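Examining the three-dimensional arrangement
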Amino acid sequence: MSDHGMMEKEEIFSKVLRAGRRTYFFDVRATKAGDYYLTITESKKFTNDDGSFHYKKHKIYLYKEDFTEFNEILNEMTSYIIDEKGDEVISERHQKDFKKDDHSNADIEEGGETINVSKSTESFTDVNFEDI
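My aim in this report is to walk through the structure given alongside it, one point at a time.

What counts, and at which threshold
Residues numbered from 1 in each chain as written. Predicted model: local features only at pLDDT ≥ 70, side-chain atom pairs only at ≥ 80, totals over all residues. Heavy atoms only, no water. Pairing = 2+ DSSP bridges. Helix = DSSP H or I, 4+ residues; strand = E, 2+ residues; numbered from the N terminus. Buried < 20%, exposed > 50% of the residue type's maximum accessible area, 1.4 Å probe, protein only. Polar contact = N/O pair within 3.5 Å; in protein donor to acceptor, adjacent residues only side chain to side chain. Axes fitted to C-alpha atoms, helices over the stretch in contact; angles between N-to-C directions. Expected span 1.5 Å × (residues − 1). Contact = heavy atoms within 4.5 Å. Patch = residues over 30% accessible without salt bridge, like charges linked within 9 Å, V, L, I, M, F, W, Y side chains within 5 Å. Areas by Shrake-Rupley, 256 points an atom, 1.4 Å probe, with all protein chains shown as cover. Salt bridge = Lys/Arg side-chain N within 4 Å of Asp/Glu carboxyl O.

Right, let's get into the pairing of strand S4 (residues 53–63). With 11 bridges joining them, strand S3 (residues 36–47) and S4 adopt antiparallel strand pairing. Across the sheet, lysine 44 pairs through a bridge with lysine 56, a residue of S4. Hairpin connection of S3 to S4: 5 residues between the antiparallel strands, including glycine 51 at a positive phi of 95 degrees.

Next comes the structure, spelled out in structure tokens:
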């Protein structure tokens, strides 16, 4: 590919938002005509059973003629969610091992985040280090 072709693919301005297993990339790019547009990429990390990992990516291309309406709808939708559900994140509901109505659990606050902790020791194994 020519140098000119490579220049068309370069980011002009970029920002990254890391959010746990997800990373969002906001990139300003140029069209062939020299106008700018925005790409928003969500990259999510997945771990395989063998410990290796891979990423799944989803990309949105947003052009200037859509900025105003996109921004209005995005603001309306995010405001609706905050108004209806508040801005507190109930993160333990998203955990693979989340169990509803488990009375042996307690919530603790750590680093501004509420974490569900089991009071039961049934899932622990007694290990004698002399056997290892």
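Next comes the rest of the description.
By the secondary structure assignment, arginine 29 is in strand S2 (residues 22–30). Classification of arginine 29 by relative accessible area gives buried; the value is 11%. Within the structure, arginine 29 has its side chain in polar contact with the side chain of threonine 39 (distance 3.3 Å).

Attention now goes to the sheet that holds S3. Spatial strand order, S1-S2-S3-S4: 4 strands in an open sheet with antiparallel pairing. At either end of the open sheet lies a strand with only one pairing partner, and these are strand S1 (13–19) and S4. Averaged over all neighbouring strand pairs, the angle between strand axes comes to 15 degrees, with direction disregarded.

It is worth spelling out helix H2 (residues 67–85) at this point. Over its 19 residues, H2 extends 27 Å from the first C-alpha to the last, a length consistent with the 27 Å expected when each residue adds 1.5 Å. With its phi angle positive at about 80 degrees, glycine 86 sits one or two positions after the end of H2.

Okay, the environment of serine 43 next. With respect to the helices and strands, serine 43 occurs in strand S3. For serine 43 and lysine 57, which are 14 residues apart along the polypeptide, the C-alpha to C-alpha distance reads 4.4 Å. Contacts of serine 43, omitting those with residues within four sequence positions, involve Arg21, Arg22, Thr23, Phe25, Tyr55, Lys56 and Lys57.

Turning to a nonpolar patch on the surface, a few remarks are in order. Residues Ile12, Phe13 and Tyr36 make up a contiguous nonpolar surface patch of about 310 Å² in total accessible area. Inspection of the secondary structure puts isoleucine 12 in the loop between helix H1 (3–9) and S1. Taking the relative accessible area as the measure of exposure, isoleucine 12 reaches 41% and is therefore partly exposed.

A separate point is the side chain of threonine 23. By the element assignment, threonine 23 lies in strand S2. Those residues within four positions of threonine 23 in sequence are excluded, and the remaining contacts are Val16, Leu17, Arg18, Thr41, Glu42 and Ser43.

So yeah, pure geometry; function would need other evidence.
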